[in-house]
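# Summary of the model geometry
Given next are the chains, with one letter for each unit.
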Amino acid sequence: NGNGKVVYFFSGYTGSAEDKKLKAKEEAALVDDIQKLRANGYTVVVDPSGTKAEMQAAVYDQKTAGIYWTGHGYKDGDVESSDGDFMSPSDFDPKKPANI
């Protein structure tokens, strides 16, 4: 039972024609997962334009039960967000408690 917990689905694709195809295919495959989570009491946030700031907020949100991120990777483990910014492990404070 979700008991008010939140599961985030973020897309970090930037919007090229190929990105739009990938995003549509993934979104179609996630519909049943989202429905099951909601049916089990989770709040589901679907953000088709995920940014670094939104990802950071979700990581530190004490109600977060899970995060699904899709998009492009980059060198050294960085991940590109939908606004063209990049996230790296150093963008997350290891001393700040994360809920996931």
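Residues numbered from 1 in each chain as written. Predicted model: local features only at pLDDT ≥ 70, side-chain atom pairs only at ≥ 80, totals over all residues. Heavy atoms only, no water.

Moving on, we come to helix α1 (residues 17-39). With 23 residues, α1 should reach 33 Å at 1.5 Å per residue; the first-to-last C-alpha distance of 33 Å fits that figure. Maximum bend of α1: about 40°, positioned at Leu 30. Three or more residues of α1 are buried, namely Asp 19, Leu 30, Ile 34 and Leu 37. Lining the buried residues of α1 we find β1 (6-11), β2 (43-47) and β3 (64-70). (Helix = DSSP H or I, 4+ residues; strand = E, 2+ residues; numbered from the N terminus. Expected span 1.5 Å × (residues − 1). Bend = angle between axes of the 7 residues up to and from the residue. Buried < 20%, exposed > 50% of the residue type's maximum accessible area, 1.4 Å probe, protein only. Contact = heavy atoms within 4.5 Å.)

It is worth spelling out the nonpolar core at this point. Counting nine residues, the largest nonpolar core consists of Val 6, Tyr 8, Phe 10, Met 55, Ala 58, Val 59, Tyr 60, Trp 69 and Met 87. For this core, the secondary structure elements donating two or more residues are β1 and α2 (52-60). With four residues, α2 is the single largest residue contributor to this core. In this structure Met 87 touches Lys 52, Met 55, Trp 69, Gly 77, Asp 78, Val 79 and Phe 92, once residues within four positions along its chain are discounted. (Core = buried A, V, L, I, M, F, W, Y, C linked by side-chain atoms within 4.5 Å.)

Among the structural elements, Asp 91 can be located in the segment after β5 (86-87). Taking the relative accessible area as the measure of exposure, Asp 91 reaches 24% and is therefore partly exposed. As a C-alpha pair, Asp 91 and Lys 52 span 39 residues in sequence and 8.6 Å in three-dimensional space. Those residues in contact with Asp 91, other than ones at most four positions away along the chain, are Lys 52, Gln 56 and Phe 86. Of note is the side chain of Asp 91, whose polar atom sits 2.8 Å from the backbone nitrogen of Ser 88. (Polar contact = N/O pair within 3.5 Å; in protein donor to acceptor, adjacent residues only side chain to side chain.)

Turning next to the pairing of β1. Most of β1 is tucked away, with six of its six residues classed as buried. Because side chains alternate across β1, one face comprises the buried residues Val 6, Tyr 8 and Phe 10, and the other comprises Val 7, Phe 9 and Ser 11, equally buried. Where β1 meets β2, five bridges bridge the pair, whose relative direction is parallel. Residue pairing in the sheet places Tyr 8 in a bridge with Val 45 of β2. With α1 bridging β1 and its parallel neighbour β2, the resulting β-α-β unit is right-handed. Of the pairings in the sheet, the one linking β1 to β3 comprises six bridges and is parallel in character. Residue pairing in the sheet places Ser 11 in a bridge with Thr 70 of β3. (Pairing = 2+ DSSP bridges. Right-handed = clockwise from strand over helix to strand, strands pointing away.)

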